[in-house]
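Listed below, chain by chain, are the residues.
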Amino acid sequence: MTRTACPVDPLRLLGADQQHIVTRAQLHRLGVPSGTIAHRLRPDGPWQQVLPRVVCLQTGRLTPHQRLRAALAYAAPRGRANAPRGEVLLTGAAVLADAGLPSAGHPADLAAVDVLVPGGRRVADRGFVRIHRAAGTMPDGFERDDGLWSTTVARALADLAPRESGRRRFRALCAEAVQRRHCELGELLDQLTARPGALELPRLAGVVEELTAGVRSVVEGEARDAVRGAGLPEPLWNPVLLLDGRFLAVPDAYWPRACVALEIDSRAWHLRPADHERSLTRANRLTAAGLPVVRTTPLQLRRDPAPVLQELATLLAGGPHGPHSRITWRRAR
């Protein structure tokens, strides 16, 4: 007796391959009539309409991955089952959250999914999808492990910049991206300044200036604001210090003329406990080498920076200190 092979349901295969997110164009290509689609999308039906032209072949709340896939499907050119590989790209907060930047939040908590499309495309923000248009040619994207196409972290930050209203959060995102080595500083600066008129945005211009100066965290940016507000000379931020040509330390800030260092101690602003321990070791190495080190915390800088700034002013006025002639330095990279 011969067995008849079970027919393969192409719709079921398509849904499984695409996390149950499909377009109406794909359904039509599989021969699903419009009436059947409408019936299954009824209020108590087994499917749900999540965006114009985009259907989920199940009910319930979308997963973070389904939201990303649905956003890309919505932004794809009309009449196509899918956009060509890399023609529309995830960008902005979705990319930063997936990269694990703490200030970006968890992917499941994103209010909007940012998608980059070619500049001439006629597609608007809709639902949870936020459209960004490329000013020139589309950047080269890459395919993520989950099969979705994305911009780089540096490009995602540049696309987010015009819509990011909070300077503090954007400052944190840029610092985290460089600190965690998701992008090189030069690449990030190139992307942030590439858009015409980008530096006319005060918050963006301020972040670019900080990164160029060597600032690598939110708290260092706040310390820089305090130092400037007090009229103190601009220090080097995160320079590599050498004693007799050998590596000594990388302090948060250093005034080379006075041979004075500033260290900002806080577990909350270090990525891991080991980073905090390295910070303490660094300060001890500086002190052991004879450099005066002013130590503070983010809370002190915010609540009452006057004592810290006064101590710095006194040391700067009385310098140079310690092994001044034996110290050389390189700027932060």
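Per-chain numbering applies: the sequence of each chain, read as written, is numbered from 1 onward. The predicted origin of the model limits local features to residues at a pLDDT of at least 70 and limits the giving and counting of side-chain atom pairs to 80 or more, whereas totals for whole chains, interfaces and linings rest on all residues. Calculation of side-chain values draws on the structure's entire complement of heavy atoms; hydrogens and water are dropped beforehand.

## Observations concerning the overall build of the protein
Now for step 1: In DSSP terms, a helix is any run of H or I states spanning at least four residues, a strand is any run of E spanning at least two, and both are numbered starting from the N terminus. When its secondary structure is counted, the protein shows 13 helices and 15 strands.
Now for step 2: In this scheme, a residue with accessible area under 20% of its type's maximum is buried, one over 50% is exposed, and one in between is partly exposed, where area comes from a 1.4 Å probe on protein chains only. Residues classed as buried in the protein amount to 48% of the 333 residues present.
Now for step 3: The contact criterion used is simple: two residues touch if any of their non-hydrogen atoms lie within 4.5 Å. Taking as baseline every contact in the protein between residues at least 6 positions apart, the subset at least 24 positions apart corresponds to 57%.
Now for step 4: Only the protein chains shown count as cover for residues, and all accessible areas are computed by the Shrake-Rupley method using a 1.4 Å probe. For the protein, the computed accessible surface area is about 17,000 Å², with 51% contributed by carbon and sulfur atoms.

## Quick notes on the pairing of strand β13 (residues 260–264)
Now for step 1: Within β13, five of the five residues are buried, leaving the element largely enclosed by the surrounding structure.
Now for step 2: Because side chains alternate across β13, one face comprises the buried residues V260, L262 and I264, and the other comprises A261 and E263, equally buried.
Now for step 3: Between any two strands, pairing holds if DSSP finds at least two bridges. Alignment of strand β12 (residues 253–255) against β13, held across three bridges, turns out to be antiparallel. In the sheet register, A253 faces β13, and the bridge partner there is L262.
Now for step 4: Here β12 folds back onto β13, and the loop between the two strands holds four residues, one of which, C259, carries a positive phi near 60°.
Now for step 5: Both β13 and strand β14 (residues 293–296) contribute to a ladder of four bridges, which runs parallel. For A261, the partnering residue across the bridge sits in β14 and is V293.

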